[in-house]
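Structural description and commentary
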Amino acid sequence: MSAGRVRRAKLRNGLLVLLKEIHAAPLISLWAWYRVGSRNERAGQTGISHWVEHMQFKGSAAFPAGSLDRAVSREGGVWNAMTWLDWTAYYETLPADRIDLGLRLEADRMTGSIFAPKEVASERTVIISERQGHENEPTFRLSEEVQAAAFRVHSYHHEVVGDVADLSSMTRDDLYGHYRDFYVPNNALLAVAGDFQSRAMLDRIRRLFGGISAGPAPNRGTRPEPAQRGERRVTVEGPGETAYVEAAYHAPAATDPDFFPMVVLDSVLAGPSNFNMFTGGISNKTSRLYRALVETELAAGVSGSLAATIDPYLYSITATVRNGKTPDQVLAALDAELKRAAEESLRREEMERAMKQARAIFAYGSETVTNQAFWMGYAEMFSSIDWFDNYLSSLAAVTADDVRRVAHKVLAKRNRTVGFYLPSGADGGSGPHPGG
């Protein structure tokens, strides 16, 4: 895909604009990013960022609820939104000559959402149902307990969807106040990629967004997590026939020099994590943990998860325990592989394969104008566009000694939380337990 350089501009109200011309197809993708996610929430209002995102589809005076779905679809476009730990994002990908609809929508969304009380009440039911749907998944239940145990102080403690107690008690004014605090141009970024001329696009953005007043700098409200002093363990019991094991280690933030060795380590252990949430992963059958856990028939599957975040988050490994095996057997095999990673340097061919896979998943996730616009804004949420531009060279600079050093540091037992999901079975009986 031929692509130009990224043009960077900041409006007088603080709105950051990133433009990238890509003339391969007559399409444009527009992303509006806000620096707000579950990281910015406090007890009593967990899940509020995600709920505000839902309310942004409930209409304004300019665009009544439901009208935009029809308008975007009629023009042949797609749109959606997502909330995560550090950010909330909205996007539209449209034919190039129809992108003005997306621009007008995002300018209106920054100030014009109504938050009608009846829509708040309706969405409360929707979001609580969404959470209950997650709770049907054993891996969600386990991950939530592990995450909560791993973070005692930092607001990464809770899930993005929030706690039922808060979802049941938050008011319309709570939601609207959160919207007004964080949806200001000086807390936002527009990333546009596709078939346009930068000067004309920037002029149009200035006309639509330039008149929106800046707001006070939002209160970030985060507290650093103290170093963990020993292994923590949690056990979750629930319906089902299958046991799971999750081991979560405090991991480097995206801007930490140890992050890229961690990317390679993740690729070696469990196959590369995909930082682009729009594209799938690749096979991990050549990874160490697949061979040690799945090919030996201890586990039915294993996966790793590394995230690019503002503050140090978690590197998680999750294994599905095979029937007839115990969580302790899986954990013992997992520990043997992690010990080897911390004590022995990678073989050259293994290092090359891990690098190749990490580069491949990055390349797959950078195709299309939608992915290009995603990466521009995403990288700015925790670092800068330079992080994205230098991704491959940063990866290439990693050595086998770097990987071993980071494995020794991150994969220490004192740095982890281990969780077991123990199925009660369809009849409520006991499933496999740690220790057999």
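Scope of this entry: the structure provided in the associated data block.

Moving on, we get to the overall build of the protein chain. Tallying secondary structure elements over the protein chain gives 16 helices and 11 strands in all. Its C-alpha atoms give the protein chain a radius of gyration of 23 Å, near enough to 22 Å, the size a compact globule of 436 residues would have. Oriented by its inertia axes, the alpha-carbon framework of the protein chain measures out at about 65 × 50 × 40 Å. The buried share of the protein chain, reckoned over its 436 residues, is 55%. Once local pairs closer than 6 in sequence are excluded, the contacts in the protein chain between residues at least 24 apart make up 80%. Carbon and sulfur atoms make up 48% of the accessible area of the protein chain, which amounts to about 18,300 Å² in all. Measuring between centres, the 49 positive side-chain charges of the protein chain sit 5 Å from its 52 negative side-chain charges.

The N-to-C vectors of helix α1 (residues 48–55) and helix α7 (residues 172–182) enclose an angle of 90 degrees; their axes lie 10 Å apart at closest approach. Classified by the interaxial angle, the pair formed by α1 and α7 is roughly perpendicular. On the side of α1, the interface is formed by I48, S49, W51 and V52, while α7 contributes D174, L175, H178 and Y179. For the contact of α1 with α7, the class distribution of residues is five nonpolar, two polar and one charged.

Turning our eyes to something else, we now look at the pairing of strand β5 (residues 88–95). Burial runs high along β5: seven of the eight residues are buried. Pairing of strand β3 (residues 27–34) with β5, which is carried by eight bridges, proceeds in the antiparallel orientation. Its bridge partner being in β5, L27 is matched across the sheet by P95. Across six bridges, the pairing between strand β4 (residues 78–83) and β5 is antiparallel. Each bridged residue has a counterpart across the sheet, and for N80 the counterpart in β5 is Y91.

Further remarks concern the pattern of salt bridges. All told, the structure shown has 22 salt bridges when counted by the stated rule. Residues R98 and E75 are paired through a salt bridge, measuring 2.7 Å at the closest nitrogen-oxygen approach. Residue R98 is found in the loop between β5 and α3 (99–111), and its partner E75 is found in the loop between α2 (67–74) and β4; the two are separated by 23 residues along the sequence. Its relative accessible area of 37% is what places R98 among the partly exposed residues.

Time to look at the sheet that holds strand β9 (residues 299–305). Overall, mixed pairing links the five strands, which are arranged β7-β11-β8-β10-β9 in an open sheet. Among the strands making up the open sheet, the edge pair consists of β7 (232–238) and β9. When the angles between neighbouring strand axes are averaged without regard to direction, this sheet yields 15 degrees.

The next thing to look at is the sheet that holds β3. The strand order across the open sheet built from six strands is β1-β2-β6-β3-β5-β4, with neighbouring strands paired in mixed fashion. In this open sheet, the two strands that pair with only one neighbour each are β1 (6–10) and β4. Taken over all neighbouring pairs, the strand axes of this sheet differ in orientation by 15 degrees on average, direction set aside. Judged from the seven bridges that link them, β3 and strand β6 (residues 188–194) form a sheet pairing that is antiparallel. Note that in β6 the partner of S29 across the bridge is A193. Sheet strands touched by helix α13 (residues 368–382): β1, β2 (16–21), β3, β5 and β6. Its angle to β3, the strand with the most contacts, is close to 20 degrees.

Cut-off values and rules
- Residues numbered from 1 in each chain as written.
- Predicted model: local features only at pLDDT ≥ 70, side-chain atom pairs only at ≥ 80, totals over all residues.
- Heavy atoms only, no water.
- Helix = DSSP H or I, 4+ residues; strand = E, 2+ residues; numbered from the N terminus.
- Rg over C-alpha atoms; globule rule 2.2 N^0.38 Å.
- Buried < 20%, exposed > 50% of the residue type's maximum accessible area, 1.4 Å probe, protein only.
- Contact = heavy atoms within 4.5 Å.
- Areas by Shrake-Rupley, 256 points an atom, 1.4 Å probe, with all protein chains shown as cover.
- Lys, Arg positive; Asp, Glu negative; His and termini not counted.
- Charge placed at Lys NZ, Arg CZ, Asp CG, Glu CD.
- Axes fitted to C-alpha atoms, helices over the stretch in contact; angles between N-to-C directions.
- Parallel < 35°, antiparallel > 145°, perpendicular 65-115°, else oblique.
- Nonpolar A, V, L, I, M, F, W, Y, C, P; charged D, E, K, R; others polar.
- Pairing = 2+ DSSP bridges.
- Salt bridge = Lys/Arg side-chain N within 4 Å of Asp/Glu carboxyl O.

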